[in-house]
Amino acid sequence: MSKMSCCQDWMSSLPEELWDTPLTELAIPGSHDAMSYCLDINSPLVPSESDCFRILDGLFYCFTRPTIFKWATTQDKSIEEQLSMGIRYFDLRVAHKLKDPSSDLYFTHVIYTHLTVLETLSSVALWLNSHPKEVVILACSHFEGISDELHQSFIFSLKKMFGSKLCPHKVSAPTLRSLWAAGQQVILSYDSQHPLRHPELWPDIPYWWANQRTAKEVISYLNWNKEQGRPEGFFVCGLNLTADRCFITENLRQSLRTITYSNWECLRGWVEEQTPGSGPQSLNIIAGDFVGPLPLCSLIIALNQKLLRKKSSR
């Protein structure tokens, strides 16, 4: 059996002893900047980029655009492929293009994507129809250029698209068994004030982002956070590396892919040592870059075996 076929229905394949474990205590694979595989190299910069960088991009477009593309691309598999590989948490940065007369929303990471938000999430809804016991966590954030009117229209579209699949926030500790019984498959996190008005929306899920370039620095940051104790509810441990613009300009042959691959073995060793659960230093969602080429999903899913050993030792 292929790795993909093993992982695509991994939640429904978990032992029954874990069906009543809150999702907040399971080890769940996540995709950082999940939609950056379809960035449009010719699209405008997002408004939050600095004026200085905007001028530089205008003057040296032929240099800046390939550079942006190779450092802003964090994934190379489609959302359907990521789902089938076992990814269940998606970091989705949503925006509306400046001066765009349409209400279309796109994903962003420095620049915008080719695909719109609604066509992408429609694909997720279709995949869930074919995998009725799999549960996804969609974390929508950033919302650059989105007015209150566009927020309301987007939320209405999300409710219509996912319907009864949405798990309301009042279910504070959903388990696989409770979600299956209710026919619910989507935890929809929305990083704004709107969850207060819409019970179907969950608030922002904390994301531990190290903002560092090497695995050792990232691990040091994550371990420091672990020492402070895990947050209540869902939270994300980010394995993603970040290079500053000084490093990028001095290392023209490098890319996010090359530094991620060269740091992988160190990150892998750290992941294998982690334990999910309710303990103060246990982890929940672990997100990374290039989740297709690197065996992140299988590593994280395997951590749930440690929960089984805990239960059997009681």
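Below is a short write-up of the structure. Position numbers for residues count from 1 along each chain, tracking the sequence in the order it is written. In view of the model being predicted, local features appear only for residues whose pLDDT reaches at least 70, and side-chain atom pairs are presented and counted only at 80 or more, with totals across whole chains, interfaces and linings using the full set of residues. With hydrogens and water set aside, each side-chain value is computed from the structure's full complement of heavy atoms.

Considering the pairing of strand β5 (residues 136–144)
Right, so step 1: β5 sits mainly inside the fold: eight of its nine residues count as buried.
Right, so step 2: If DSSP finds at least two bridges between two strands, the strands pair. Helix numbers and strand numbers start at the N terminus; a helix is a DSSP run of H or I with at least 4 residues, a strand a run of E with at least 2. The pairing of strand β2 (residues 89–95) with β5 spans seven bridges and is parallel. Opposite leucine 92, over in β5, you have cysteine 140 as the bridge partner.
Right, so step 3: Relative to strand β6 (residues 186–190), β5 is paired through five bridges, and the arrangement is parallel. Residue pairing for β6: cysteine 140 is matched across the bridge by tyrosine 190. Buried means the residue's accessible area, taken with a 1.4 Å probe over protein chains only, is under 20% of the maximum for its type, while exposed means over 50%, and partly exposed covers the values in between.

Points about helix α9 (residues 215–228)
Right, so step 1: Its 14 residues place the ends of α9 20 Å apart at the C-alpha level, agreeing with the 20 Å of an ideal helix rising 1.5 Å per residue.
Right, so step 2: Those residues of α9 lying buried are Ala215, Val218, Ile219, Leu222, Asn225 and Lys226. Looking down the long axis of α9, one finds its buried residues gathered within 125° of arc, a one-sided arrangement. Those residues of α9 that are exposed and aimed more than 90 degrees away from the buried face are Lys216, Trp224 and Glu227.
Right, so step 3: Positive phi shows up at glycine 229, right after α9, with a value of about 100°. The span expected for a helix works out to 1.5 Å for each residue beyond the first. In this description, one arc is meant: the one made by directions from the helix axis to the C-beta atoms.

Quick look at unusual backbone geometry
Right, so step 1: Not every positive phi belongs to a glycine, and lysine 99 is a case in point at roughly 65°.
Right, so step 2: Along the polypeptide, lysine 99 turns up in the loop between β2 and β3 (106–109).
Right, so step 3: Positive phi outside glycine occurs at phenylalanine 143, with the angle close to 55°.

A closer look at the packing of helix α6 (residues 117–130) against helix α7 (residues 148–162)
Right, so step 1: Taken N-terminus to C-terminus, the directions of α6 and α7 make an angle of 20°; their axes are 10 Å apart at the nearest point. When the axis of α6 is compared with that of α7, the two are roughly parallel. Viewed along their axes, α6 and α7 form a crossing whose handedness is right-handed. Between α6 and α7, the contacting residues are Val117, Leu118, Leu121, Ser122, Val124, Ala125 and Leu128 on the first element and Phe154, Ser157, Leu158, Met161 and Phe162 on the second. Axis lines are fitted to C-alpha atoms, over the contacting stretch for helices. Their N-to-C directions set the angle, which ranges from 0 to 180 degrees. An angle below 35 degrees is read as roughly parallel, one above 145 as roughly antiparallel, one from 65 to 115 as roughly perpendicular, and any other as oblique. Less than a right angle of anticlockwise turn of the near helix away from the far helix marks a crossing as left-handed, whereas a clockwise turn marks it as right-handed. It only takes one pair of heavy atoms within 4.5 Å for two residues to be counted as in contact.

With respect to α7
Right, so step 1: Between the first and last C-alpha of α7 there are 21 Å, a value that for 15 residues agrees with the 21 Å anticipated at 1.5 Å per step.
Right, so step 2: Buried within α7 are the following residues: Leu150, His151, Phe154, Ile155, Ser157, Leu158 and Phe162. Take α7 and look down its axis: the buried residues cluster within an arc of 160°, on one side only. Facing away from the buried surface of α7 by more than 90 degrees, the exposed residues are Glu149, Phe156 and Lys160.
Right, so step 3: Buried positions along α7 lie against β2, α6, β5, β6 and β7 (201–202).
Right, so step 4: Glycine 163 lies just past α7 and shows a positive phi near 50°.

Section: the packing of aromatic side chains
Note on aromatic pairs: each is described by the distance of the centres and the angle between the planes.
Right, so step 1: Between rings of Phe, Tyr and Trp, where Trp is taken as its six-membered ring, a pair exists when centres lie within 6.5 Å; planes separated by under 30 degrees are stacked, by over 60 edge-to-face, and by other angles tilted. The final tally for this structure, using the stated rule, is seven aromatic pairs.
Right, so step 2: With centroids separated by 5.1 Å and ring planes inclined at 75°, the aromatic side chains of tryptophan 19 and tryptophan 180 adopt a geometry described as edge-to-face. One end of the pair, tryptophan 19, is in the loop between α2 (10–13) and β1 (28–31); the other, tryptophan 180, is in helix α8 (residues 176–182), with 161 residues separating them in the sequence. Pair check on accessibility: tryptophan 19 and tryptophan 180 agree, each one buried.
Right, so step 3: A centroid spacing of 5.7 Å and a plane angle of 65° characterise the contact between tryptophan 202 and phenylalanine 234, whose relative ring orientation is edge-to-face. With tryptophan 202 in strand β7 and phenylalanine 234 in the loop between α9 and β9 (236–238), this residue pair connects regions lying 32 residues apart in the sequence.

Section: the environment of isoleucine 286
Right, so step 1: Tracing the chain through its elements places isoleucine 286 in strand β10 (residues 285–288).
Right, so step 2: On the basis of relative accessibility, which here comes to 1%, the residue isoleucine 286 falls in the buried class.
Right, so step 3: Between the alpha carbons of isoleucine 286 and serine 102 there is a distance of 35 Å; along the sequence they are 184 residues apart.
Right, so step 4: Beyond its immediate stretch of four places on either side in the chain, isoleucine 286 contacts Ile28, Pro29, Gly30, Cys237, Leu239, Leu296, Ile300 and Leu303.

All we've got here are geometric facts, nothing functional implied.
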